[in-house]
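# Summary of the model geometry
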Amino acid sequence: MPAITASYPGKIILLGEHAVVYHSHAIAIPINQVQSKATITPLLTAPAGTILVSAPNIQLDCSLDDLSENNPIGLVIRSSLNKLGVSTSLAFSIRISSSIPIAAGLGSGASVSCAIASAVSSFLGKPFTPQEVSDIAFDVEKLHHGTPSGVDNTVIAFNQPVYFQRGRDLQQQKVGKPMHFIIADTGIQASTADVVGAVREGRQADPEKYDGVIQQIDQLVMSAHEAISAGDLITTGQLMTSNHTLLNKLGVSHPVLDRLVDAALGSHALGAKLSGAGCGGNMIALTAAGDLPEVERSLMAAGAKQIFSTILEPTHV
Ligand code: PMV
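Worth saying up front: this structure is predicted, and the values here are computed from it rather than measured.

## Side note on the overall build of the protein
Summing up its helical and strand segments, the protein has nine helices and 10 strands in all. Over its C-alpha trace the protein gives a radius of gyration of 20 Å, about what one expects of a compact globule, namely 20 Å for 317 residues. Reported as C-alpha extents along the three principal axes, the dimensions of the protein are approximately 60 × 45 × 40 Å. The buried share of the protein, taken over its 317 residues, is 55%. Roughly 13200 Å² of accessible area belongs to the protein as shown, and the carbon and sulfur atoms make up 51% of that amount. Separation of charge centres in the protein, based on 19 positive and 26 negative side chains, amounts to 2 Å.

Okay, structure coming up:
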């Protein structure tokens, strides 16, 4: 039995984070420059049922039995085995690695879950469908924060741009023209659970204000859905920047994120906003191809810790 490897991308949310938890729309795309990977190798001489887990990035090297019920990696492996209905008599090792920064809004947790679920199911000869991979990753997202929308696991498991609404069937986001994004890291880690929890508390304290902002975000994401489909980059950029202003009203920005957004807009980016849970993590800037070097320079000058760019290619739907 050969070794099996599964790789999954990271993701960025173009518009609609946080509001999406409250059934508003969001648009997200996979980012293949960063990836997570799970490789399963049979252990031919180990006793039946031995499952060894290693993840050098987080100094993990143990047996599956040593991982608690709440350990996300243990949970994905056990859920995958349960769903496959196999009490495995095989022995194998699973090695997990990822180049996706942790707690930075790039979907590292969901991506690792997808890679593990996919590798385990392929290794056991019953490869999960993208929906099954997504469902398992969603269960793990619930560990990270109680009320995930499901956008991260969906965009990563299907590895395509999505126009997402919680609880609805997958809708692909059509892309009319190539879009160049710069992704800049504040270097500040923020826990999605804490930030989502703070928004929940804010909404409980002032439902009128929060629901008003969420509704405005939903309107703007619906407009962006059309603009991106039509290849209207100017409108898309403006909507992204407006989305950042509204995210500020939800209290999830950070002075460094605001500084980077201002720097990008000051050097001709078409639009800029935080991406993901916020309070740190990454921001994104939609930029005309010719302006990429200038926007990158000003983001570095404004204190970005790391930068990379990605192109969203047009779709053919
Ligand atoms: O995992 P992050 O940081 O990309 O945040 C996920 C996006 C949120 O809308 C903040 C939460 C969710 O479940 O959709």
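## Considering helix α8 (residues 255-266)
Taking 1.5 Å per residue, 12 residues should reach 16 Å; α8 reaches 16 Å between its end C-alpha atoms and fits that length. Taken residue by residue, α8 has Val 256, Leu 257, Leu 260, Val 261, Ala 263 and Ala 264 as its buried positions. The arc enclosing the buried residues of α8, seen along the axis, measures out at 160 degrees, which places them on a common side. Relative to its buried face, α8 has exposed residues pointing more than 90 degrees away, namely Pro 255, Asp 262 and Gly 266. Looking at the packing, one finds that the buried side of α8 touches β7 (179-185), α7 (233-249), β8 (271-275), β9 (282-287) and α9 (292-301). With its phi angle positive at about 75 degrees, His 268 sits one or two positions after the end of α8.

## Description of the pairing of β8
Burial of β8 is extensive: five of the five residues sit out of reach of the surface. By the bridge criterion, five bridges tie β8 to β9 in an arrangement that is antiparallel. Note on β9: the bridge partner recorded for Leu 274 is Met 283. Hairpin connection, β8 to β9: the antiparallel pair is bridged by six residues, and Gly 276 has positive phi, about 100 degrees.

## A few points about the pattern of salt bridges
This model, assessed by the stated rule, comprises four salt bridges. In this structure, Lys 142 and Asp 139 form a salt bridge, with 3.5 Å as the shortest nitrogen-oxygen distance. You can see Lys 142 and its partner Asp 139 sitting in helix α3 (residues 130-144), three residues apart, about one turn around the helix.

## A short note on empty space enclosed by the protein
Within the structure shown, the criterion is met by one cavity of 30 Å³ or more. Of the pockets and cavities examined, the largest cavity occupies roughly 40 Å³. Around the largest cavity, the lining residues are Ala 103, Ala 104, Gly 105, Ala 190, Thr 192, Ala 277, Gly 278, Gly 280 and Gly 281. In the lining of the largest cavity, the residues fall into four nonpolar, five polar and no charged.

Each value, and the rule that gives it
In this numbering scheme, every chain counts its residues from 1 along its sequence in written order. This being a predicted model, a pLDDT of at least 70 is required before a residue's local features are given, and a value of 80 or more before pairs of side-chain atoms are given or counted; all residues contribute to the totals for chains, interfaces and linings. Water and hydrogen atoms were dropped before computing side-chain values, which therefore reflect all heavy atoms in the structure. We count a stretch as a helix when DSSP gives it H or I for four or more residues in a row; a strand needs E for two or more, and each element gets its number in order from the N terminus. Radius of gyration means the value over C-alpha atoms here, while the globule rule gives 2.2 Å times the residue count to the 0.38 power. Remark: exposure states derive from per-residue accessible area (1.4 Å probe, protein chains only) relative to the maximum for the residue type, with buried under 20%, exposed over 50%, and partly exposed in between. Computed with the Shrake-Rupley method and a 1.4 Å probe, the accessible areas treat only the protein chains shown as cover for residues. Positive charge is attributed to Lys and Arg, negative charge to Asp and Glu, and no charge count is given to His or to the chain ends. One atom stands in for each charge, and that atom is NZ of Lys, CZ of Arg, CG of Asp or CD of Glu. Take the residue count of a helix, subtract one, and multiply by 1.5 Å to get its expected span. Here the arc refers to the directions that run from the helix axis out to each C-beta atom. By definition, residues are in contact when any of their heavy atoms lie within 4.5 Å. Here, any two strands with at least 2 DSSP bridges between them count as paired. Salt bridges are defined as contacts in which a side-chain nitrogen from Lys or Arg sits within 4 Å of a carboxyl oxygen from Asp or Glu. For cavity detection a 1 Å grid was placed over the protein atoms alone, and a set of points counts as a cavity when a 1.4 Å probe fits there but cannot get out; an open set counts as a pocket when protein lies on both sides within 12 Å along at least five of seven lines, with lining residues being those that have an atom within 4 Å of a point. Grid points are joined across faces, edges and corners, and a volume is the space filled by probe spheres set on the points. For this scheme, ten residues count as nonpolar: Ala, Val, Leu, Ile, Met, Phe, Trp, Tyr, Cys and Pro. Four count as charged, namely Asp, Glu, Lys and Arg, and the remainder, Gly too, count as polar.

These results come straight from atomic positions and should not be treated as a statement about function.
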